[in-house]
Amino acid sequence: MTKESDILRIVKEDILEVVGRENKIIPLKFMKLEVKVSGSFISKAIKELEGEDLIKIFSEKNSGKEYIQLTKKGRVRAKVILEKHSVLEKYFKEKRSEEEAVKATNILEHYISTEVVDQIKKLSTSKKEGISLTKLELNKESIITDIVFSDYGLFERLVSMGIFLGGKIRVMYKIPDGIVVEIKNKMFALDKDIAKEIKVAGNEKT
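All values reported here derive from a predicted model rather than from experimental measurement.

Draft legend 1. Representation of the packing of aromatic side chains in the model. Using the criterion set out here, one finds three aromatic pairs in the structure. Relative to tyrosine 67, the ring of phenylalanine 58 has its centre 5.9 Å away and its plane inclined at 20°; by these criteria the two rings are stacked. On the accessibility criterion, tyrosine 67 (17% relative accessible area) is buried. Centroid distance tyrosine 152 to phenylalanine 155: 5.9 Å. Interplanar angle 65°. Geometry classified as edge-to-face. Placement of the pair is tyrosine 152 and phenylalanine 155 together in helix α7 (residues 152-161), with a separation of three residues, close to one helical turn. The pair tyrosine 152 / phenylalanine 155 is uniform in exposure class, with both members buried.

Next up, the structure:
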């Protein structure tokens, strides 16, 4: 289950992304329609974003309508988020339908660093399809090139564990009906059927 702190972080990033994409002052009501979470989460996220000097909220004198806009600091942060979204969506659209690409992007963008985004850019220029994780040599580290799932709940769980596109992974040893992998000095057991759908760059060192 996603922790409340993680949900709040994701909502904050979504707010910055929406305002940054529109690139203008937008009604606060519009934001509540765009970000699909409870009003309490949006209110808390907006309060924190204001406290971090990333957004400003102001009311129209005559109508009393509330509007939201990015600060200078907020525009810089939103630009990074939008770039990340663009790179991921472009990459996934080459491998999935548009709907699937959007779903995968909306999940993954909240978990990866700018360094991983740079790695994904490199993957975009490579013509290699990658191999199944189950075929990677033991104790060899490689880059994840794709995770092929129609179950996006499972996809999100893997991503939250650190198993995501552009990340590094090492197969430590095999177990009955699965394998044990190492991600950032943490070890996880993966079912063989799940591991088969994780694609990596190959048996070369990274």
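Back to the text.
Draft legend 2. Spotlight on the sheet that holds strand β9 (residues 198-200). Taken in spatial order, the six strands line up as β4-β9-β5-β6-β7-β8 in an open sheet, and their pairing is antiparallel. Each edge of the open sheet carries a strand with a single partner, namely β4 (131-132) and β8 (186-191). In this structure, strand β6 (residues 168-175) lies alongside strand β7 (residues 178-183), joined through five bridges in antiparallel fashion. Bridging across to β7, arginine 170 finds its partner in glutamate 182.

Draft legend 3. Representation of the pairing of strand β2 (residues 55-59) in the model. Bridging between β2 and strand β3 (residues 66-70) involves five bridges; their strand directions are antiparallel. Across the sheet, residue isoleucine 55 finds its bridge partner in β3, namely leucine 70. Between β2 and β3, which follow one another and run antiparallel, lie six residues, and glycine 64 among them has a positive phi close to 80°.

Thresholds applied
Residues numbered from 1 in each chain as written. Predicted model: local features only at pLDDT ≥ 70, side-chain atom pairs only at ≥ 80, totals over all residues. Heavy atoms only, no water. Phe/Tyr/Trp six-rings, centres within 6.5 Å; stacked < 30°, edge-to-face > 60°. Buried < 20%, exposed > 50% of the residue type's maximum accessible area, 1.4 Å probe, protein only. Helix = DSSP H or I, 4+ residues; strand = E, 2+ residues; numbered from the N terminus. Pairing = 2+ DSSP bridges.

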